[in-house]
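Observations on the three-dimensional arrangement
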Amino acid sequence: MSNAGTAQSTITGKPFNLDGSASSDADNDVLTYQWTLATKPATSAATLTSPRLAKPEFSADVPGDYVFSLIVNDGKANSARASVTVTVALATWRDADCSTDGTKLPACAMDFSDNSASVALVQDSGANALLLETLTSTSPAPRKSFHTGITGNRAILGTDILHGVKLSEFAGISFKSKDDGTGPNTGAGFPYVNYSISKQCDGVVSGWANLITNLSDMSPTGPDADGYYTYTADISAGSKAWKSSNFKDPIYATDGTTVVLMPNKTATGGSLQAFIQAYPNACIYNWPNPDAEVPLATTTPAVMLLLGSSGNLTAKKAWFRDIKIGDKVIF
């Protein structure tokens, strides 16, 4: 008698196993298995690659219901057909795998550093931390900046899981950090967060915007027992942590006037809510990056935590813990 197991729920892109192991034979004969993907969403191109296993693996490509049928054979005759339905929801950025084995960066993050700057998972005060470090030397061979294509000196932790997320749905970012000096991370060359934005969420270069939040604008609290300060950049109307990344050019309102939505990085910050009101379709966007050095990704991760600057070769260190986007733990 065939038994296709119990109904399941999962998300797109996440492998799961069907389970026909509860199938049985009255004479305890050895069974062979034949699974069939009976029905699937009309736009799905997914296939069942190992249909003769008792527990074949499958990964759905689009949301919807997938119905699998199972027939077993005891060497004499086929059983009646049994079926099971797997309901698949669309995976979101909140479902991204950000796990780490304790020696590598989180699975949802990457080291996108310039030159000989780096990001590494280290032990600090008996617990895991991410160390962003820049050096005074430009050797080994210079690496082009992720954005300008020039030699830089920035340690960059990037994540691309937020691609396409509307700014109106962005939940803000928080983390704990300390540097190799004293007090909170502030001043030129110290850490900041960069967000690549498409104003109409269409990837058109003319609609590109780059927003930043400096740690000095994030009202740090602390330190804790290990010397870490807590930083938060929220999206409330009263938050003034947001700026244009350009030194000279602010971001203006859509009416073509000189109304400034986002001041440049040397001025007092602006409100993300005002930006969203002017550009309601704006989303976080992984921009194409033809200057990326192989084997790095060919797109710029949309959200980046940076230490250092292109023109400053001073050695700096900053440690990070408890990095979250909303309630999603990145590290």
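So, here's what we can say about the structure. Since the structure is predicted, the reported quantities are computational estimates derived from the model, not experimental observations. (Residues numbered from 1 in each chain as written. Predicted model: local features only at pLDDT ≥ 70, side-chain atom pairs only at ≥ 80, totals over all residues. Heavy atoms only, no water.)

1. So, the overall build of the chain
- Looking only at helices and strands, the chain has one helix and 23 strands in total.
- In the chain, buried positions account for 46% of the 331 residues.
- The contacts of the chain with a sequence gap of at least 6 include a subset with a gap of at least 24, amounting to 64%.
- If you sum the accessible surface of the chain, you get close to 15,600 Å²; carbon and sulfur atoms cover 52% of it. (Helix = DSSP H or I, 4+ residues; strand = E, 2+ residues; numbered from the N terminus. Buried < 20%, exposed > 50% of the residue type's maximum accessible area, 1.4 Å probe, protein only. Contact = heavy atoms within 4.5 Å. Areas by Shrake-Rupley, 256 points an atom, 1.4 Å probe, with all protein chains shown as cover.)

2. Overview of the sheet that holds strand β5 (residues 64-73)
- Taken in spatial order, the four strands line up as β1-β6-β5-β3 in an open sheet, and their pairing is mixed. The open sheet has two edge strands, β1 (8-11) and β3 (32-39), and neither has a second partner. Strand-to-strand, the axes of this sheet are offset by a mean angle of 30°, without reference to chain direction.
- In the sheet, β3 pairs with β5 via seven bridges, with the strands oriented antiparallel. Within β5, the position partnered with Trp35 by the bridge is Leu70. (Pairing = 2+ DSSP bridges. Axes fitted to C-alpha atoms, helices over the stretch in contact; angles between N-to-C directions.)

3. Quick notes on the nonpolar core
- Counting 48 residues, the largest nonpolar core has Leu162, Phe170, Ile173, Phe175, Tyr195, Ile197 and Ile323 as its most contacted members.
- With four residues, strand β22 (residues 316-325) is the single largest residue contributor to this core.
- Contacts of Phe170, omitting those with residues within four sequence positions, involve Leu162, Tyr195, Ile235, Trp242, Leu272, Ile284 and Ile325.
- Counting 20 residues, the second-largest nonpolar core is a separate cluster that includes Ala4, Trp35, Leu48 and Val86. (Core = buried A, V, L, I, M, F, W, Y, C linked by side-chain atoms within 4.5 Å.)

4. Focus on the side chain of Ser113
- The topology assignment puts Ser113 in the loop between β7 (110-111) and β8 (118-124).
- At 3.0 Å, the side chain of Ser113 and the backbone nitrogen of Ile156 are in polar contact. (Polar contact = N/O pair within 3.5 Å; in protein donor to acceptor, adjacent residues only side chain to side chain.)

5. Let's talk about the pattern of salt bridges
- Going through the model one piece at a time under the given rule, you end up with nine salt bridges.
- Lys76 is the salt-bridge partner of Asp27, the closest N and O atoms lying 3.9 Å from each other. Taken together, the residues span a long stretch of sequence, with Asp27 in the loop between β2 (16-17) and β3 and Lys76 in the loop between β5 and β6 (82-89) at a distance of 49 residues.
- Lys178 is paired through a salt bridge with Asp124; the nearest N and O atoms lie 3.0 Å apart. Here Lys178 is found in strand β11 (residues 173-179), whereas its partner Asp124 is found in strand β8, with 54 residues between them in sequence.
- Look at Asp124 and you get buried, because its relative accessible area is 12%. (Salt bridge = Lys/Arg side-chain N within 4 Å of Asp/Glu carboxyl O.)

6. Description of the state of the cysteines
- Under the defined criterion, the tally for this structure stands at two disulfides.
- Here Cys98 connects covalently by a disulfide to Cys108, the sulfurs 2.0 Å from one another. Torsion about the S-S bond of the Cys98 and Cys108 cystine: about 110°, corresponding to right-handed handedness. Separated by ten residues along the polypeptide, Cys98 in the loop between β6 and β7 and Cys108 in the loop between β6 and β7 bring together distant segments of the chain.
- You can call Cys108 buried: its relative accessible area is 6%.
- Two residues, Cys201 and Cys283, share a disulfide whose sulfurs are 2.1 Å apart. Judged by the sign of its S-S torsion, about 95°, the bond between Cys201 and Cys283 is right-handed. Of the two residues, Cys201 is situated in the loop between β12 (192-198) and β13 (208-214) and Cys283 in strand β18 (residues 283-284); the sequence distance between them amounts to 82 residues.
- What makes Cys201 partly exposed here is its relative accessible area of 26%.
- Among the residues examined, Cys283 registers a relative accessible area of 0% and is labelled buried.
- Disulfides within the chain link the bonded cysteines, taken in sequence order, as 1-2, 3-4. (Disulfide = S-S within 2.5 Å.)

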